[in-house]
Amino acid sequence: MNNYTGSGTSVKLGSIILKNPIVMCSGTFSSGIEYNDFYDVSIVGAITTKSFSLKPRAGNKPPRLCETPAGLLNSIGLQNEGIDFFINEHLPYTKKSGFNIILSILGTDISEFSDLAVKIRNIEESLIAVELNLSCPNVEKGGMSLGSIPEEVENVTTAVRKILNIPVIVKLSPNNNNLSELARRAKNGGAEVISLINTVIGMSIDINTFKPKLGNITGGLSGPAIKPIALAKIFNLHKEKILPIIGMGGIFGWEDAVEFMLAGANAVGLGMVNFVDLHAGENILDGIINYMSNKNILNISDIIGKVKAE
Ligand SMILES: Cc1cc2nc3c(=O)[nH]c(=O)nc-3n(C[C@H](O)[C@H](O)[C@H](O)COP(=O)(O)O)c2cc1C
């Protein structure tokens, strides 16, 4: 790990200032506690928790994971222990350890999001932001079904914004073709940042049994297979200059992270790579710092959106 103490890695997203652009993606890093056995995860810009709902959720029927040649299909269905579990079991540790936590929440409707926000109000000084998961493709209610309707995106964001004082991030799905409109609605509702992309809907079939390989039939594809999709979505949204973007989808190395920033991501999300490289956070941060030094880049934020695409 580089012994880097400068401020050139810091990035600003609305009123959020991260010490570096590395953000752990929701659902792939829990709350960071287990990974802290492998390296000091307080070094990363932020850790987005698994999406928590008001009450525990059992998730979808198994099998819920299926490997594909260049990615992972999952249909977890937002299994989680409920927000109280995060508050009582994870928060004391993340607070003590100085983790920069973005709390991801999921509701099936506005009223669940509002109830979640009321609970979070009591702990908001221990968080850097809250992320609204309006993009999970694996649930019938809430998630993508809510996040595909512009009006709902605005209403949910407004409802949470009214209750909380910390910045609100809205996570959108690449399975929508109206991302600029959705991002604009999120902004109208008071969101400061957009997270993009959640997983891409996919499917896999067992040719011997003729059965889908996932119990839920379809799932969400993550990993290198979706990187070009993510890059194009981020590039196009960045051009509209609506809100800063945390870009994610298939980042496996520091080179990918740099590509995302050139496309217009203000910060980069590491997801599935955490299953493959338990040290991904420090390795990718290290790679970015070396790249900055080799290219004589004093501030990493100077490269955001600088792809020469005219
Ligand atoms: C097993 C698994 C669980 C996930 N759970 C969540 C979740 O709870 N909330 C959420 O917003 N995104 C969730 N995601 C999506 C990731 O946060 C990320 O947006 C997506 O995987 C794309 O990034 P990647 O290709 O780097 O993994 C999950 C992804 C995976 C692979």
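Residues numbered from 1 in each chain as written. Predicted model: local features only at pLDDT ≥ 70, side-chain atom pairs only at ≥ 80, totals over all residues.

Caption draft 1: Broad picture of the overall build of the chain. Assigned secondary structure in the chain consists of 9 helices and 14 strands. Compactness check: the chain gives a C-alpha radius of gyration of 18 Å against a globular reference of 19 Å for 310 residues, within 12% of the reference. Dimensions of the chain along its principal axes, counting C-alpha atoms only, are 50 × 50 × 45 Å. Each of the 310 residues in the chain was classed as buried or not, and the buried ones make up 52%. (Helix = DSSP H or I, 4+ residues; strand = E, 2+ residues; numbered from the N terminus. Rg over C-alpha atoms; globule rule 2.2 N^0.38 Å. Buried ≥ 20, exposed ≤ 12 C-beta atoms within 10 Å, placed from the backbone.)

Caption draft 2: Up close: the site of the ligand. Cys25, Gly27, Ser222, Gly271 and Met272 are the nearest of the 26 residues found near the ligand. Across the shell around the ligand, the residue classes break down as 10 nonpolar, 14 polar and 2 charged. (Near = placed C-beta within 6 Å. Nonpolar A, V, L, I, M, F, W, Y, C, P; charged D, E, K, R; others polar.)

Caption draft 3: Focus on the environment of isoleucine 128. Secondary-structure assignment places isoleucine 128 in the loop between helix 2 (110-121) and strand 8 (129-133). Isoleucine 128 gets classed as buried once you count the C-beta atoms within 10 Å, which come to 20. Spatially, the C-alpha atom of isoleucine 128 lies 14 Å from that of valine 170, the residues being 42 residues apart in sequence. If near-sequence neighbours (up to four positions away) are discounted, isoleucine 128 is found in contact with Ile16, Ala46, Asn100, Ile101 and Ile102. (Contact = placed C-beta atoms within 7 Å.)

Caption draft 4: Just helix 4 (residues 150-163), in detail. The terminal C-alpha atoms of helix 4 lie 21 Å apart, and with 14 residues this matches the ideal 20 Å at 1.5 Å per residue to within 8%. Residues of helix 4 that are buried include every one of Val153, Glu154, Val156, Thr157, Ala159, Val160 and Arg161, and no others. The inward-facing, buried residues of helix 4 contact helix 2, strand 8, helix 3 (143-147), strand 9 (168-171) and helix 5 (179-188). (Expected span 1.5 Å × (residues − 1).)

Caption draft 5: Expanded view of the packing of helix 4 against helix 5. Contact geometry of helix 4 with helix 5 gives a least axis separation of 7 Å together with a crossing angle of 25°. As the angle between them shows, helix 4 and helix 5 are arranged roughly parallel. For the crossing formed where helix 4 meets helix 5, the hand is right-handed. Along the contact surface, helix 4 presents Pro150, Val153, Glu154 and Thr157, while helix 5 presents Glu181, Leu182, Arg185, Ala186 and Asn188. Of the residues assigned to the contact of helix 4 with helix 5, the class counts are 4 nonpolar, 2 polar and 3 charged. (Axes fitted to C-alpha atoms, helices over the stretch in contact; angles between N-to-C directions. Parallel < 35°, antiparallel > 145°, perpendicular 65-115°, else oblique. Left-handed = near helix turned anticlockwise from the far one by under 90°.)

Caption draft 6: Representation of the sheet that holds strand 9 in the model. Strand order in this closed barrel of 8 strands is 3-4-7-8-9-10-13-14, and the pairing throughout is parallel. Between one strand axis and the next, the sheet turns through 25° on average, direction left out of account. When strand 7 (residues 101-105) meets strand 8, the two strands line up parallel, connected through 4 bridges. When the bridges of strand 8 are listed, serine 104 appears paired with glutamate 131. Most of the contacts of helix 4 go to strand 9, to which it runs at about 155°, and overall it touches strand 8 and strand 9. (Pairing = 2+ DSSP bridges.)

Caption draft 7: Up close: the pairing of strand 7. Of all the 5 residues making up strand 7, 5 are buried; the element is thus mostly covered by neighbouring parts of the structure. In strand 7, alternate side chains face the same way, and those of Ile101, Leu103 and Ile105 on one face and Ile102 and Ser104 on the other are all buried. Where strand 4 (residues 46-48) meets strand 7, 2 bridges bridge the pair, whose relative direction is parallel. Considered in strand 7, the bridge of threonine 48 is made with isoleucine 102. With helix 2 bridging strand 7 and the parallel strand 8, this β-α-β connection has right-handed handedness. (Right-handed = clockwise from strand over helix to strand, strands pointing away.)

Caption draft 8: Structural detail: the sheet that holds strand 6 (residues 71-74). Taken together, 4 strands build an open sheet; the order of strands is 5-6-12-11 and the sheet is antiparallel. The open sheet has two edge strands, strand 5 (65-68) and strand 11 (200-203), and neither has a second partner. Ignoring which end each strand starts from, the neighbouring axes of this sheet average 40° apart.

Caption draft 9: Structural context of the pairing of strand 5. With 4 bridges joining them, strand 5 and strand 6 adopt antiparallel strand pairing. If you follow threonine 68 over to strand 6, its bridge partner there is glycine 71. Counting the residues that bridge the hairpin from strand 5 to strand 6 gives 2 residues.

Caption draft 10: Structural detail: the environment of leucine 270. Its place among the elements puts leucine 270 in strand 14 (residues 267-270). Owing to 25 C-beta atoms within 10 Å, leucine 270 belongs among the buried residues under this scheme. When near neighbours in sequence (up to four residues on either side) are disregarded, leucine 270 contacts Ile22, Met24, Cys25, Ile251, Ala280, Gly281 and Ile284.

Caption draft 11: A look at the environment of histidine 238. Considering the arrangement of structural elements, one finds histidine 238 in helix 6 (residues 227-239). Those residues in contact with histidine 238 that lie beyond four places of it in its chain are Ile245, Ala263, Gly264 and Gly305.

Caption draft 12: Looking closely at unusual backbone geometry. Residue proline 63 is bonded to the preceding proline 62 through a cis peptide linkage, with omega at -10°. Position of proline 63 among the secondary structure elements: in the loop between strand 4 and strand 5. Cis geometry marks the peptide bond from leucine 196 to isoleucine 197; its omega dihedral reads 15°. For isoleucine 197, the location among the structural elements is in the loop between strand 10 (193-196) and strand 11. The phi dihedral of serine 30 is positive, around 45°, even though this residue is not glycine. Assignment of secondary structure puts serine 30 in the loop between strand 3 (22-24) and strand 4. At phenylalanine 210, a position not held by glycine, the phi torsion is positive, near 65°. The residue phenylalanine 210 is located in the loop between strand 11 and strand 12 (218-222) in this model.

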